[in-house]
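Structural overview for review
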Amino acid sequence: GRMKPVIVVHGGAGRIFKEREEGSRAGVVRAALRGFGILKQGGSALDAVEEAVRSMEDDPHFNAGRGSVLNEKGEVEMDAIIMDGKNLDSGAVSAVKCIANPIKLARLVMEKTKHMLLTDHGAHLFAQAMGIPETPGEKLITERSRERWKKNLEPDSNPEEFQKDLGTVGAVAIDSEGNVACATSTGGLSNKLIGRVGDTACIGSGGYADNRSGATSTTGHGESIMKVVLARLILYHMEQGMSPEMAADTALDYMKTRVGGLGGVIVVNSSGEWAARFSTKQMSWATVKDDQLHYGIYAGERHTKSVDEALASESLGF
């Protein structure tokens, strides 16, 4: 291959409470290292982003897979998308319950059906047909999600206030062949209406990947992201010649001024330049390029380690 592979991951934009910072940092670093491990061995961008997102779905620090927030009825309903920049193939699932890794199911939708998006009951039947084991709903629910749900049910509560720490997880990558891919997965908004689907499952909003320009995965207020089709908007700006950072900032600024929405994005372009930008207070992110790991949570925060050093501390569980 001629490209130097790059992976960027995010663990959601919003407000990350102090006691969860360390776990969020460790989780995005772990995901980036896992994804990069695949790329380093010559694996595809598609496999790398799926693996990175799966790692965060399994981590209860994030609002995806296990640890997802609960809908109004106290259930987990999840959305996920994956996209291949080579031929613009994509697969997505929405409002799925009782599976541990919605991103795996999205990948199967892309590869085993002629469709791009399966929802709810249909997605469930497809998962069964593909032999994906069912995970009891309770296994996906953490104490924290249930506490938050209960608080939001109180008559004087304001769920909007809690949604400032809404999260999504995502990854973008470019592999040694120069192919890009994106993947995004979420439990959505706390106490959302049953059947609510946000930006994550929507191509062009929750993510987009095109070898000609790059790939992006988004996080933040889903309805705002959908209004401006945020992921595609960023790639449009890159097609006009903007750098990943400039494209991300321009699109986030537009979303804020036009519809009052806050969020965050990760981007990689077709030449391997990357960005992790957000208009919220925080966003956990990590990237690996040239065997250097970079990561942070606050605006302007950026730690750097060599991959070898990071892997050594990773095996000790941080």
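Residues numbered from 1 in each chain as written. Predicted model: local features only at pLDDT ≥ 70, side-chain atom pairs only at ≥ 80, totals over all residues. Heavy atoms only, no water.

**Description of the pattern of salt bridges**
Evaluated as defined, the whole model comprises 17 salt bridges. Note that arginine 25 and glutamate 301 form a salt bridge whose closest N and O atoms lie 2.8 Å from each other. In this pair, arginine 25 sits in helix H1 (residues 18–40) while glutamate 301 sits in the loop between strand E12 (292–298) and strand E13 (303–306), placing the two residues 276 residues apart along the sequence. A single burial state applies to arginine 25 and to glutamate 301, both of which are buried. Linking arginine 30 and aspartate 59 is a salt bridge whose minimum nitrogen-to-oxygen distance equals 3.6 Å. Placement of arginine 30 in helix H1 and of aspartate 59 in the loop between helix H2 (45–57) and strand E2 (78–84) is noted, with a sequence separation of 29 residues between them. Take arginine 30: its relative accessible area is 21%, and that puts it in the partly exposed class. The class of aspartate 59 is buried, set by a relative accessible area of 9%. Look at the salt bridges and you will find they share partners, linking Lys18, Glu21, Arg25 and Glu301 into a network. (Salt bridge = Lys/Arg side-chain N within 4 Å of Asp/Glu carboxyl O. Helix = DSSP H or I, 4+ residues; strand = E, 2+ residues; numbered from the N terminus. Buried < 20%, exposed > 50% of the residue type's maximum accessible area, 1.4 Å probe, protein only.)

**Description of the sheet that holds strand E10 (residues 274–278)**
On the basis of which strands lie adjacent, the open sheet formed by four strands has the order E7-E8-E9-E10 and antiparallel pairing. Looking at which strands have only one partner, the edges of the open sheet turn out to be strand E7 (207–210) and E10. Recorded for the sheet is a direction-independent mean angle of 10° between the axes of neighbouring strands. One ladder, built from five bridges, connects strand E9 (residues 263–269) with E10; its direction is antiparallel. By the bridge assignment for E10, valine 265 is matched with arginine 277. Contacts from helix H9 (residues 230–239) reach E7, strand E8 (214–220) and E9, with the element oriented near 140° to E8. (Pairing = 2+ DSSP bridges. Axes fitted to C-alpha atoms, helices over the stretch in contact; angles between N-to-C directions. Contact = heavy atoms within 4.5 Å.)

**Observations regarding the UniProt feature "active site" (unreviewed entry) in the chain**
When the UniProt feature table is mapped onto this chain numbering, "active site" (unreviewed entry) sits at Thr168. Positionally, threonine 168 belongs in the loop between helix H7 (159–162) and strand E5 (169–174). Using a relative accessible area of 5% as the deciding quantity, one classes threonine 168 as buried. Not counting residues up to four positions away in its chain, the partners in contact with threonine 168 are His10, Gly11, Gly12, Asn63, Thr184, Ser185, Thr186, Thr200, Thr218, Thr219 and Gly220. (UniProt positions renumbered as here; feature names shortened; annotations may be inferred.)

**A few points about the pairing of E13**
Taken together, the four bridges between E12 and E13 define a ladder with antiparallel strand orientation. Opposite glutamine 292, over in E13, you have serine 306 as the bridge partner. Hairpin connection between E12 and E13: a loop of four residues separates the two successive antiparallel strands, and glycine 300 in this loop has a positive phi of roughly 80°.

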